[in-house]
Amino acid sequence: MRTSTRLAGVLTGLTLVCGGAAFTAPAAHADVSACINQVERELQGGEVPAAVRAACTAGSTGYHDQCVTGLTKASVTKGTAVTACTAAP
């Protein structure tokens, strides 16, 4: 394989990888406020416990399973926990 062809292939691959990361990075982070708001709707007002904030923060950093587990341990239903942890801006 010619060097110019190989170089073009490598550069194309890098462009696709970097471009793909730019498109997926914003969606990968859940919004902590949106997560907390979803839980507040279920709890119908009131201040959410610190455990809920911690779980939503974990979800915003990509730890979806940890977020769901934390919310269910804080007496949030499984359905609401899943929805809250995947809430995006």
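For the structure, see preceding data.
Please read these numbers as outputs of a predicted model, since none were measured by experiment.

Caption draft 1: Highlighting the state of the cysteines. Under the criterion given, the structure shown has 2 disulfides. The residue that forms a disulfide with Cys-35 is Cys-56, at a sulfur-sulfur distance of 2.0 Å. Taking the sign of the S-S torsion, -70° for the link of Cys-35 and Cys-56, the bridge is left-handed. With Cys-35 in helix H2 (residues 32–43) and Cys-56 in helix H3 (residues 50–60), the pair connects residues that are 21 residues apart, well separated along the chain. Its relative accessible area of 2% is what places Cys-35 among the buried residues. We classify Cys-56 as buried; its relative accessible area is 2%. Shown here is the disulfide that connects Cys-67 with Cys-85, its sulfur atoms set 2.0 Å apart. Taking the torsion about the sulfur-sulfur bond, which here is approximately -85°, the covalent link between Cys-67 and Cys-85 counts as left-handed.

Caption draft 2: Summary view of the packing of H3 against helix H4 (residues 64–73). Running from amino to carboxyl end, H3 crosses H4 at an angle of 165°, the nearest separation of the two axes being 7 Å. The orientation of H3 with respect to H4, classified from their angle, is roughly antiparallel. Here H3 and H4 pass one another in a crossing that is left-handed. Residues Val-52, Ala-55, Cys-56, Ala-58 and Gly-59 of H3 form the contact with H4, whose own contacting residues are Gln-66, Cys-67, Gly-70 and Leu-71. Taken together, the residues of the contact of H3 with H4 sort by class into 6 nonpolar, 3 polar and no charged.

Caption draft 3: Expanded view of the pattern of salt bridges. Counted under the stated rule, the structure contains 1 salt bridge. Between Glu-47 and Arg-53 there is a salt bridge, with the nearest N and O atoms lying 2.7 Å from each other. On the basis of relative accessible area, Glu-47 is assigned to the exposed category, the value being 63%.

Caption draft 4: Structural view of the packing of H2 against helix H5 (residues 78–85). Between H2 and H5, the shortest axis-to-axis distance is 8 Å and the interhelical angle comes to 155°. Compared by their axis directions, H2 and H5 come out roughly antiparallel. The crossing of H2 and H5 is right-handed. In this structure, H2 uses Cys-35, Gln-38, Val-39 and Glu-42 to contact H5, whose residues at the interface are Thr-80, Thr-83, Ala-84 and Cys-85. Residues that form the contact of H2 with H5 fall into these classes: 4 nonpolar, 3 polar and 1 charged.

What counts, and where the lines are drawn
Residues numbered from 1 in each chain as written. Predicted model: local features only at pLDDT ≥ 70, side-chain atom pairs only at ≥ 80, totals over all residues. Heavy atoms only, no water. Disulfide = S-S within 2.5 Å. Helix = DSSP H or I, 4+ residues; strand = E, 2+ residues; numbered from the N terminus. Buried < 20%, exposed > 50% of the residue type's maximum accessible area, 1.4 Å probe, protein only. Axes fitted to C-alpha atoms, helices over the stretch in contact; angles between N-to-C directions. Parallel < 35°, antiparallel > 145°, perpendicular 65-115°, else oblique. Left-handed = near helix turned anticlockwise from the far one by under 90°. Contact = heavy atoms within 4.5 Å. Nonpolar A, V, L, I, M, F, W, Y, C, P; charged D, E, K, R; others polar. Salt bridge = Lys/Arg side-chain N within 4 Å of Asp/Glu carboxyl O.

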